[in-house]
Amino acid sequence: MTRGLQGRRIVVTRAREQAADLVRALEARGAEAIVAPVIRIQPVENLAPLRAALAGLSSYRWVIFTSQNAVQIVFDSLAGWGLSASAFDATQIAAIGSVTAESLRKRGITPALVPDEFVAEALVEALVAADAHSPAGGGARVLVPGAEDARDVLREGLRRHGTTVETVAVYRTVPAQGDFAELIGQIEAKRIDAVTFTSSSTVRSFVKLIGPETAGSGRFVSATIGPITAGTARELGLRDVIEAEPHTVPGLVDSLMRRFA
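Quick caveat: nothing in here was measured; it's all calculated off a predicted structure. Residue indices follow the written sequence of each chain, beginning from 1 at its first position. Given that the model is predicted, a residue must reach a pLDDT of at least 70 before its local features are reported, and side-chain atom pairs must reach 80 or more before they are shown or counted; all residues, however, enter totals for whole chains, interfaces and linings. Working from all heavy atoms in the structure, the side-chain values ignore hydrogens and water.

## Some thoughts on unusual backbone geometry
Now for step 1: Residue Glu245 is joined to Pro246 through a cis peptide bond whose omega torsion reads 0°.
Now for step 2: A helix here means a DSSP run of H or I that spans at least four residues, while a strand means a run of E at least two residues long, and both kinds are numbered starting from the N terminus. With respect to the element layout, Pro246 can be found in the loop between strand S10 (241-243) and helix H11 (249-259).
Now for step 3: At Asp240, a position not held by glycine, the phi torsion is positive, near 50°.
Now for step 4: As for its placement among the helices and strands, Asp240 is situated in the loop between helix H10 (227-235) and S10.

## Here we look at the side chain of Gln18
Now for step 1: Relative to the elements of secondary structure, Gln18 occurs in the loop between strand S1 (9-12) and helix H1 (20-28).
Now for step 2: Any residue under 20% of the maximum accessible area for its type is buried, any over 50% is exposed, and the rest in between are partly exposed; the area is computed with a 1.4 Å probe on protein chains only. Among the residues examined, Gln18 registers a relative accessible area of 13% and is labelled buried.
Now for step 3: Setting aside chain neighbours within four positions, we find Gln18 in contact with Ile41, Gln68 and Asn69. Whether two residues touch is decided by their heavy atoms; if any such pair falls within 4.5 Å, the residues are in contact.

## Side note on the sheet that holds strand S8 (residues 194-197)
Now for step 1: At least two DSSP bridges between two strands are required for those strands to pair. Sheet architecture is open: five strands sit in the order S2-S1-S8-S9-S10, paired in parallel fashion. What marks the edges here is a single partner per strand, and that holds for strand S2 (32-35) and S10. Recorded for the sheet is a direction-independent mean angle of 25° between the axes of neighbouring strands.
Now for step 2: Bridging between strand S9 (residues 221-224) and S10 involves three bridges; their strand directions are parallel. The partner of Ala223 across the bridge, within S10, is Ile242. Lines are fitted to the C-alpha atoms to define the axes, a helix being fitted only along its stretch in contact, and any angle between axes, read from their N-to-C directions, falls within 0 to 180 degrees.

## Looking at the pairing of S2
Side chains on a regular strand alternate between the two faces of the sheet.
Now for step 1: The pairing of S1 with S2 spans four bridges and is classified as parallel. Across the sheet, residue Ile10 finds its bridge partner in S2, namely Ala33.

## Digging into the packing of H1 against H11
Now for step 1: Here H1 crosses H11 at 35°, and the two axes come no closer than 10 Å. Our pair here, H1 against H11, has a crossing hand that is right-handed. Residues Asp21, Leu22, Ala25 and Leu26 of H1 touch H11, and the partners they reach there are Val249, Leu252, Val253 and Leu256.
Now for step 2: Residues of the contact of H1 with H11, tallied by class, amount to seven nonpolar, no polar and one charged. Crossings are classed by handedness, with left-handed meaning an anticlockwise turn of the near helix from the far one by less than a right angle and right-handed meaning a clockwise turn. Residues are grouped as follows: nonpolar covers Ala, Val, Leu, Ile, Met, Phe, Trp, Tyr, Cys and Pro; charged covers Asp, Glu, Lys and Arg; every other residue, Gly included, is treated as polar.

## Brief notes about the nonpolar core
Now for step 1: Grouping buried Ala, Val, Leu, Ile, Met, Phe, Trp, Tyr and Cys residues that are joined through side-chain atoms within 4.5 Å yields what is termed a nonpolar core. Counting residues in hydrophobic clusters, the biggest one holds 50 residues, and the most contacted among them are Phe65, Phe75, Phe88, Leu183 and Phe206.
Now for step 2: Considering every element that reaches this core, the biggest residue donor is helix H3 (residues 68-78), with six residues.
Now for step 3: Phe88 has contacts with Leu54, Leu57, Val63, Phe65, Val74, Phe75, Leu78, Ile93 and Ile109, leaving out every residue within four places of it along the chain.
Now for step 4: Among the nonpolar cores identified, the runner-up in size contains 20 residues, and Leu22, Ala244, Val249 and Met257 belong to it.

## Structural notes on the pairing of S9
Now for step 1: Of the two faces of S9, the one lined by Val221 and Ala223 and the one lined by Ser222 and Thr224 are each fully buried.
Now for step 2: Bridging between S8 and S9 involves four bridges; their strand directions are parallel. Each bridged residue has a counterpart across the sheet, and for Val195 the counterpart in S9 is Ser222.
Now for step 3: Taken together, S9, H10 and S10 constitute a β-α-β crossover, and its handedness is right-handed. Crossover handedness is defined by viewing with both strands directed away from the observer: a clockwise path from the first strand over the helix to the second marks the crossover as right-handed.

Purely geometric stuff here, so don't read any function into it on its own.
Structure (structure tokens):
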């Protein structure tokens with residue numbers, strides 16, 4: 001494997017429990033991965049709405065998972081409610097992103113639909129196309145367990161096509177706790193080559209924790225996993241923003257390889 005990131009010092013901002021795959025991929029290319037999680041994934045206190053929805057899965061044509069966080073919390077909750085993964089046999093599963101899809105497969109669920117583009121807009125198009133060819137026709141009822149502060153694109157896009165969408169918040173992202181003084185000092189000393197962002201929430205928390213002046217200093221490459229995250233980075237003043245293609249962890253690493261070639 002080409003070690004095209006040899007000597008590069010690259011910050012991984014995603015939640016600690018989800019950082020391992022990106023850290024391994026960076027280190028395999030010779031980079032020094034600096035794990036500095038800026039967010040924590042926190043289940044919501046009241047999961048009763050999720051329990052009620054799962055008890056009636058047969059009433060939904062689709063259940064849509066938009067992140068591995070949602071997959072983990074939903075499936076971790078099943079046993080305590082006397083349910084198992086087989087409950088999802090009553091419906092169809094869609095997933096945004098290869099990581100989300102793989103997280104489902106590890107739990108015995110093969111998604112019926114994973115759009116080529118790992119963004120909500122692409123899933124709306126794919127679901128509408130799938131339902132257009134369904135014997136049941138349009139007007140599906142859909143369940144989306146996800147983040148408390150999730151974008152409205154998926155819900156609104158499906159509703160415009162006559163789909164009844166029920167969103168259930170199962171987790172929230174909150175800024176990590178800790179002292180980021182050392183990271184700030186390394187950025188200001190130009191000892192950081194790039195900072196990686198795998199969601200808009202990582203961008204927002206990063207800016208909050210290290211300050212807008214340091215975040216917008218232009219002293220590092222801002223490597224983002226997709227167009228939504230890239231847009232958030234630009235809106236918050238980050239500079240030298242690059243976007244993964246495809247919108248995956250390997251794509252993110254490849255984008256850094258191209259940038260530093």
